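Structural overview
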Amino acid sequence: MKDIVGARVDALEDRLLALSHRIHANPEVAWAEVNASAWVAAELAGVGFSVQKNLCGLPTAFAATVGSGSLHLGICAEYDALPGLGHACGHNIIAAAAVGAAAALAPVVDALGITLTVFGTPAEEGGGGKIELLEGGAFDGVHAMMMVHPGPLDVARAEPYAVSHSKIRYRGKASHAAAYPERGVNAADAFTVAQVAIGLLRQQLESGVRVHGVLTSGGEAPNAIPEVTEGRWYVRAGSLAELSVLEEKVRRCFEAGALSTGCELEIEAESKPYAEFATDEAMLELYVANATALGRTFTTSGPDMRMNRASTDMGNVSQMLPAIHPYIGIGSLPAVNHQKEFAAAAVTDAADRAVVDAAKAMAQTCIDLAENASLRERLIGRLAARNAARFLPEIPDLPLEMETADVR
């Protein structure tokens, strides 16, 4: 059956690459992926999937489903671009590969006894679309989830940072910078103080954490004291627990800017925090075996493989159900993700081969999950146990005298 789905991906290659290139040529940022979402959904509808749009009230999210088997497998498609950089993270490849895997499997889902759903997940780049879908119940009933993300090299294991995304705003008071400087409250100074404090804080932080951001608005005229400054900041750590501790330290740096200048500080979360990733080892082993059989070679060390540390809202999904998030190389080095050169590399011959190989490897991994009796039983049993646990009443701790009573 693996040969059958592989051949079907090959037969669909022209359509898949056309989809990848079309999304790439029309980049849409988080929550605005109107065209990309519609194009991906239309391709799936064209091969027999039933499409539910506006999933969980998110206009650019959808679920496309085929089959009715007892094992429900999900594939995530991403399609948002980066502001100013286009598809410099290659989400066009993710979307096309997801369509390819699903379209290849569609004719055999009944024989495999599976239900297959492709989830169109918007706003991975800072918006947390998968978290909204997860909390909205979109993934309820799914036994396992997968997706493949492009990078410079093939890397099997996702080890992303947990991350929080925040909008920072200081409000001061404008005034003529030469004539009446004492009547102004400088919001740009507040940001400067905060950035200096963060720079000094980094000396006392563990090497594995990251704090970084940009000033998006810093004033309008050099002779007017800036009244409002705004920025976007990310804080990353190894886990959500570590992140909560780090965030408090960073918050104090922003508070220092407000305190020293007299500005008002506003901190607004852009999304709920992204979690660290919990890899399903058995699923990953299957994917690696299938990708290796296709000629992919996985990198296990060196600085060029660090894309696997990039944060993703797929981490939150992995905390709730078995999931994998391997990386597929597009031969872009020295260009790496979030560079304009990587965006250019995302529609090269190597990137097109990544679309085809990722589609085949995911489809073949779904076949393995369906046909391996022990893995299938584990996935179905895990979901059943989790669902049962939701309805178990909490049992209060017994009073000490009841715990030690001599009952005969």
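Structure shown above.
Residues numbered from 1 in each chain as written. Predicted model: local features only at pLDDT ≥ 70, side-chain atom pairs only at ≥ 80, totals over all residues. Heavy atoms only, no water.

**Overview of the environment of Met1**
Locating Met1 in the fold gives a position in the segment before α1 (2–25). Among the residues examined, Met1 registers a relative accessible area of 36% and is labelled partly exposed. Residues Met1 and Leu112, 111 residues apart in the sequence, show an inter-C-alpha distance of 9.5 Å. (Helix = DSSP H or I, 4+ residues; strand = E, 2+ residues; numbered from the N terminus. Buried < 20%, exposed > 50% of the residue type's maximum accessible area, 1.4 Å probe, protein only.)

**Quick look at the packing of α1 against helix α3 (residues 91–105)**
Geometry of a packed helix pair, given as the angle between the helix axes and the separation of the axes. In the contact formed by α1 and α3, the axes pass within 8 Å of each other and the chain directions differ by 150°. Viewed along their axes, α1 and α3 adopt a mutual orientation that is roughly antiparallel. The handedness of the crossing between α1 and α3 comes out as right-handed. Of the residues in α3, those touching α1 at Val5, Arg8, Val9, Leu12, Leu16, Leu19, Ser20, Ile23 and His24 are Asn92, Ile93, Ala95, Ala96, Val99, Gly100, Ala103, Ala104 and Leu105. Considered class by class, the residues forming the contact of α1 with α3 number 13 nonpolar, four polar and one charged. (Axes fitted to C-alpha atoms, helices over the stretch in contact; angles between N-to-C directions. Parallel < 35°, antiparallel > 145°, perpendicular 65-115°, else oblique. Left-handed = near helix turned anticlockwise from the far one by under 90°. Contact = heavy atoms within 4.5 Å. Nonpolar A, V, L, I, M, F, W, Y, C, P; charged D, E, K, R; others polar.)

**Section: the sheet that holds strand β1 (residues 50–53)**
As a general point, the strands of a sheet are linked pairwise by backbone hydrogen bonds and lie either parallel or antiparallel. Judged by pairing direction, the sheet is mixed, and its six strands sit side by side in the order β1-β2-β4-β3-β5-β11 without closing on themselves. Of all the strands in the sheet, the pair left with one neighbour each is β1 and β11 (323–324). Here strand β3 (residues 71–77) pairs with strand β5 (residues 144–146) via three bridges, running parallel. Paired with Ile75 across the strands is Met146, a residue of β5. Together, β3 and β4 (114–120) form the strand contacts of α3, whose direction differs from that of β3 by roughly 150°. (Pairing = 2+ DSSP bridges.)

**Concerning the packing of α1 against helix α2 (residues 34–45)**
Here α1 crosses α2 at 170°, and the two axes come no closer than 10 Å. In terms of axis orientation, α1 runs roughly antiparallel to α2. On α2, the residues touching Arg15, Leu19, Arg22 and Ile23 of α1 are Ala36, Trp39, Val40 and Glu43. The residue inventory of the contact of α1 with α2, partitioned by class, reads five nonpolar, no polar and three charged.

**Observations regarding the sheet that holds strand β7 (residues 162–171)**
If you walk across this open sheet you meet the four strands as β8-β9-β7-β10, and the pairing is antiparallel. Taken across any chain shown, the strands that pair with only one partner, and hence form the sheet edges, are β8 (210–217) and β10 (264–269). Between one strand axis and the next, the sheet turns by 20° as a mean value, whatever way the strands run. In this sheet, β10 lies alongside β7 in antiparallel orientation, the contact comprising six bridges. When the sheet's bridge partners are listed, Arg171 is paired in β10 with Glu264.

**Observations concerning the packing of aromatic side chains**
Summed over all chains, the structure comprises six aromatic pairs. Measuring from centroid to centroid gives 6.3 Å for Phe191 and Phe254, while their planes differ by 85°, and the two rings are edge-to-face. Here Phe191 is found in helix α6 (residues 187–201), whereas its partner Phe254 is found in helix α7 (residues 240–261), with 63 residues between them in sequence. Here Phe191 matches Phe254 in class, with each residue buried. For the ring pair Trp233 and Phe254, a centre distance of 5.7 Å and an interplane angle of 75° mean the geometry is edge-to-face. Linking Trp233 in strand β9 (residues 228–237) with Phe254 in helix α7, this pair joins segments that are 21 residues apart in sequence. Taking the relative accessible area as the measure of exposure, Trp233 reaches 6% and is therefore buried. (Phe/Tyr/Trp six-rings, centres within 6.5 Å; stacked < 30°, edge-to-face > 60°.)

These figures capture arrangement, not role.
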